[in-house]
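Secondary and tertiary structure notes
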2 protein chains.
Amino acid sequence: MYKVEVIVNYKPGILNPEAKTINNALHSLGYDSIEGVKAGKFFELDFPEDMEETEVEKIADEVCDKLLSNPVIEDYTFKIAKES
Amino acid sequence: MYKVEVIVNYKPGILNPEAKTINNALHSLGYDSIEGVKAGKFFELDFPEDMEETEVEKIADEVCDKLLSNPVIEDYTFKIAKES
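Keep in mind the model is a prediction, meaning the values are calculated, not measured. (Residues numbered from 1 in each chain as written. Chains lettered and ligands numbered in written order. Predicted model: local features only at pLDDT ≥ 70, side-chain atom pairs only at ≥ 80, totals over all residues. Heavy atoms only, no water.)

1. Focus: the sheet that holds strand S1 (residues 2-10) of chain B
Spatial ordering of the open sheet is given by S3(A)-S1(A)-S2(A)-S2(B)-S1(B)-S3(B), a layout of six strands whose pairing is antiparallel. Across the chains shown, the open sheet's two edge strands, defined by having one partner strand only, are strand S3 (74-82) of chain A together with strand S3 (74-82) of chain B. Taking each pair of neighbouring strands and ignoring which way they run, the sheet shows an average axis angle of 25 degrees. Note that strand S2 (residues 36-47) of chain A and strand S2 (residues 36-47) of chain B share eleven bridges and pair antiparallel. Note that in S2(B) the partner of A:Phe42 across the bridge is B:Gly40. The sheet contacts of helix H2 (residues 53-68) of chain A involve strand S1 (2-10), S2 and S3 of chain A, and relative to S3(A) the element is tilted by about 150 degrees. (Pairing = 2+ DSSP bridges. Helix = DSSP H or I, 4+ residues; strand = E, 2+ residues; numbered from the N terminus. Axes fitted to C-alpha atoms, helices over the stretch in contact; angles between N-to-C directions. Contact = heavy atoms within 4.5 Å.)

Okay, here's the thing in structure tokens:
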């Protein structure tokens, strides 16, 4: 089985209220050593192992672009791991 | 600088409506090769590079447990990378 791990994050410069809130909470709790926080989404997609890796990559890229992210305000990265 | 990448996912057996919705959408769009979907959260925490890695690990673990996840229904994993 192929496992594709996708991370979707806001593009630089896009205001992220969730990350801001976490950052404020960390400082209220005294975790002042943390200098920055990003908050995004994580997805894992499973593909059957009899597929070609290039095909998995093509489909994963399409799905990230069409369904899992909003390309106007978000960037995505993914990595493919083959598990037996 | 240390970058700590945190992934928070629902524990096995906890119903995740977001993952279910994405799964349904994928099948409606014809992506039938995708056998399973997980949906969770991603965080990145930045720590100053003059800290000890053991201290970064201790603080990251506390923050994940107290603030970034709900330990009743969610699991977290994190990895620490040192960037120059």
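2. Notes on the pattern of salt bridges
Two side chains carrying opposite charge are able to pair once their charged atoms lie near each other. All told, the structure shown has 14 salt bridges over all chains when counted by the stated rule. A salt bridge links A:Glu44 to B:Lys38, with the shortest nitrogen-to-oxygen separation between them at 3.9 Å. Placement of the pair is A:Glu44 in strand S2 and B:Lys38 in strand S2, with the two residues belonging to separate chains. On the accessibility criterion, B:Lys38 (42% relative accessible area) is partly exposed. Notably, a salt bridge pairs B:Asp46 with B:Lys3, separated by 3.4 Å at the nearest N-O pair. With a gap of 43 residues between them, B:Asp46 in strand S2 and B:Lys3 in strand S1 connect regions that are remote in the sequence. (Salt bridge = Lys/Arg side-chain N within 4 Å of Asp/Glu carboxyl O. Buried < 20%, exposed > 50% of the residue type's maximum accessible area, 1.4 Å probe, protein only.)

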